[in-house]
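Spelled out, the chains give:
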2 protein chains.
Amino acid sequence: MPKPNVKEQIVATSLNLLHSKGFNATSVQDITDAAGVPKGSFYNHFASKDALGLEVLRRYAEQAAELGEVLHNTALPPLARLQQYFEALIAANAENDFNCGCLLGNFSTELSNQIPAARQALHKEFADWTEMMAGLIAEGQRTGNISAGQPALEMANFIVDSWQGAVLRSKAEQSQAPLDRFLHTVLTRILR
Amino acid sequence: MPKPNVKEQIVATSLNLLHSKGFNATSVQDITDAAGVPKGSFYNHFASKDALGLEVLRRYAEQAAELGEVLHNTALPPLARLQQYFEALIAANAENDFNCGCLLGNFSTELSNQIPAARQALHKEFADWTEMMAGLIAEGQRTGNISAGQPALEMANFIVDSWQGAVLRSKAEQSQAPLDRFLHTVLTRILR
């Protein structure tokens, strides 16, 4: 019988390793060594390294959703919620010294071609993320709190994509500047 | 004596492989097999796979610079040049069926932490790219052809970062839509 805590240990360790080093630069041996579990136990819990990658993506998306709770804070107008949300994302990148990027973005570049199920999973995560944001933008547009210069879903998609690019550049240069530039431009030129 | 045509064969083959499959998913054996050269010949020409990666990045940047020639076409106003430039980049992504992304972006996510010299090289390529674009934006701002809503260099950096994000999403979803959305938003909300 596989032990559930071994599986959890593998997922938690893999989330850190795959986020910081990447999928293809991390071997199953790296993971089991770092998790302190026997290499043979890996395949009791995962059919393949690809299957683990998908599990890690789900876990990452769950954790990222917690940062999105501020988006539901109805005490604040939509624009202020979006600002606080991206400030929290910037702080999360600062915690990693701007060295890890976003796992969705990393997997998009590394695994879209390599693992067909990863492409499907990424498509869904991006769609969920943008739809949540589009709902809030539409709310702000109705009250005049957010610019009506573009349809809400188009604006949300542009903002999510631009965030991914800002995170990528932030990782390339290990710098917060691209993230601050993103937020300033989005707040002053896109959302207003 | 290393044969120069073997080196060229390795670089040209590697550019395709590293762009489509990624750096860590491609072995030296994959490269020498695809190039049709003996595996042993690789190390006559490159000190390491990392050194090859840097050479491939230089070659990619040289080829990308050719697409930038339209930016110097003084018969067109700056905004029209920028539009034609990004249309050419979108066409180049379409040629790859939106499957490869931008090598600068791919290496940013995959190699920034792994190869310190890659981070330095990426920093320089991004700086050269944005400075070229900032010069053209500043020219458009002087004549009123481009919005003066932001300093030219900040605008150029935001546009380059957002392009990277759009390409990443385009690769994740194998779709042109993020690239068209990028261009429409940048032309109508950022540059005007």
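Only a predicted model underlies this, so the values are computations on that prediction, with no experimental measurement involved. (Residues numbered from 1 in each chain as written. Chains lettered and ligands numbered in written order. Predicted model: local features only at pLDDT ≥ 70, side-chain atom pairs only at ≥ 80, totals over all residues. Heavy atoms only, no water.)

Visitor: Could you clarify how one ought to interpret the relation of the copies chain B and chain A in this entry?
Guide: For these two chains of identical sequence, chain B goes onto chain A by a turn of 180 degrees and a shift of 0.0 Å along the axis, with RMSD 0.0 Å. A rotation of that kind, with that shift, is consistent with a two-fold axis. When the interface residues of chain B are mapped onto chain A, 100% of them again lie at the interface, so the same face is used by both copies. (Least-squares fit on C-alpha atoms with pLDDT ≥ 70 in both. Contact = heavy atoms within 4.5 Å.)

Visitor: What exactly am I supposed to notice about the domain arrangement of chain A here?
Guide: Many analyses report the size of an interface as the accessible area lost when the parts associate. Residue and element names in this part refer to chain A. Domains assigned within chain A are domain 1 (1-46) and domain 2 (59-190). The distance between the C-alpha centroids of domain 1 and domain 2 comes to 28 Å. Listed by partner, the interface residues are ten residues for domain 1 and 15 residues for domain 2. When domain 1 packs against domain 2, the two sides together hide about 960 Å² of surface, and 57% of this comes from carbon and sulfur. Sorting the residues of domain 1 by area buried against domain 2 places Leu-15, His-19 and Phe-23 first, and these three jointly supply 59% of that buried surface. Inspection of the domain 1/domain 2 interface yields one salt bridge. (Domains from an automatic or database assignment. Buried area = accessible area lost by both parts, 1.4 Å probe. Salt bridge = Lys/Arg side-chain N within 4 Å of Asp/Glu carboxyl O.)

Visitor: Can you help me understand the interface of chain B and chain A in this one?
Guide: Listed as interface residues are 45 residues of chain B and, on the opposing side, 45 residues of chain A. For the chain B and chain A pair, buried surface summed over both sides reaches about 3800 Å², with 52% attributable to carbon and sulfur atoms. Inspection of the region where chain B meets chain A yields four salt bridges. Joining chain B to chain A, the criterion identifies 31 residue pairs in polar contact (both at pLDDT 80 or more). Listing elements by their share of the side of chain B that touches chain A, those giving two or more residues are α6 (103-111), α7 (116-143), α8 (152-173) and α9 (177-190) of chain B. Among the elements that line the side of chain B that touches chain A, the one with the most residues is α8(B), at 15 residues. Partitioned by chemical class, the residues of the side of chain B that touches chain A number 13 nonpolar, 22 polar and ten charged. (Polar contact = N/O pair within 3.5 Å; in protein donor to acceptor, adjacent residues only side chain to side chain. Helix = DSSP H or I, 4+ residues; strand = E, 2+ residues; numbered from the N terminus. Nonpolar A, V, L, I, M, F, W, Y, C, P; charged D, E, K, R; others polar.)

Visitor: I'm lost on the pattern of salt bridges in this one. Help?
Guide: Two side chains bearing opposite charge may form a pair once their charged atoms approach each other closely. All names here are of chain B. Applying the stated rule across the entire model yields 16 salt bridges over all chains. With its nearest N and O atoms 2.9 Å apart, the salt bridge here joins Arg-59 to Glu-8. Here Arg-59 is found in helix α4 (residues 49-67), whereas its partner Glu-8 is found in helix α1 (residues 4-21), with 51 residues between them in sequence. A salt bridge links Arg-81 to Glu-139; the nearest nitrogen and oxygen atoms lie 3.1 Å apart. Placement of Arg-81 in helix α5 (residues 78-95) and of Glu-139 in helix α7 is noted, with a sequence separation of 58 residues between them.

Visitor: Help me out: how do you make sense of the UniProt feature "DNA-binding region" (unreviewed entry) in chain A in this one?
Guide: Mapped onto this structure's residue numbering, the UniProt feature "DNA-binding region" (unreviewed entry) falls at residues 27-46 of chain A. Structurally, residues 27-46 of chain A is divided into 60% helix and 0% strand, and its ends, taken at the C-alpha atoms, are 14 Å apart. (UniProt positions renumbered as here; feature names shortened; annotations may be inferred.)

Visitor: Whenever I open this one, the packing of aromatic side chains confuses me. Can you help?
Guide: Geometry of an aromatic ring pair is reported as the spacing of the ring centres plus the angle between the planes. According to the stated counting rule, one finds 17 aromatic pairs over all chains in the structure shown. Centroid distance A:Trp163 to A:Phe182: 5.3 Å. Interplanar angle 65 degrees. Geometry classified as edge-to-face. Of this pair, A:Trp163 sits in helix α8 (residues 152-173) while A:Phe182 sits in helix α9 (residues 177-190), placing them 19 residues apart in sequence. Of the two residues, A:Trp163 and A:Phe182, both sit in the buried class. Ring plane angle 75 degrees and centroid distance 4.9 Å describe the contact between B:Phe42 and B:Tyr43, whose orientation is recorded as edge-to-face. Among the residues examined, B:Phe42 registers a relative accessible area of 0% and is labelled buried. Among the aromatic side chains, those forming a connected cluster through ring pairs are A:Tyr85, A:Phe86, A:Trp163 and A:Phe182. It is A:Lys49 that lies over the ring of A:Phe23; its NZ or CZ is 4.2 Å from the centre. (Phe/Tyr/Trp six-rings, centres within 6.5 Å; stacked < 30°, edge-to-face > 60°. Buried < 20%, exposed > 50% of the residue type's maximum accessible area, 1.4 Å probe, protein only. Lys NZ or Arg CZ within 6 Å of the ring centre and 35° of its normal.)

Visitor: Would you explain the packing of α8(A) against α7(B) in this entry?
Guide: Between two packed helices, what matters for the description is the angle formed by their axes and the separation of those axes. For the pair α8(A) and α7(B), interaxial distance at closest approach is 8 Å and the crossing angle is 125 degrees. In this view, α8(A) runs oblique relative to α7(B), as classed from their interaxial angle. Of the residues in α7(B), those touching α8(A) at A:Leu168, A:Arg169, A:Lys171, A:Ala172 and A:Glu173 are B:Arg119, B:His123, B:Phe126 and B:Thr130. Within the contact of α8(A) with α7(B), the residues separate by chemical class into three nonpolar, two polar and four charged. (Axes fitted to C-alpha atoms, helices over the stretch in contact; angles between N-to-C directions. Parallel < 35°, antiparallel > 145°, perpendicular 65-115°, else oblique.)

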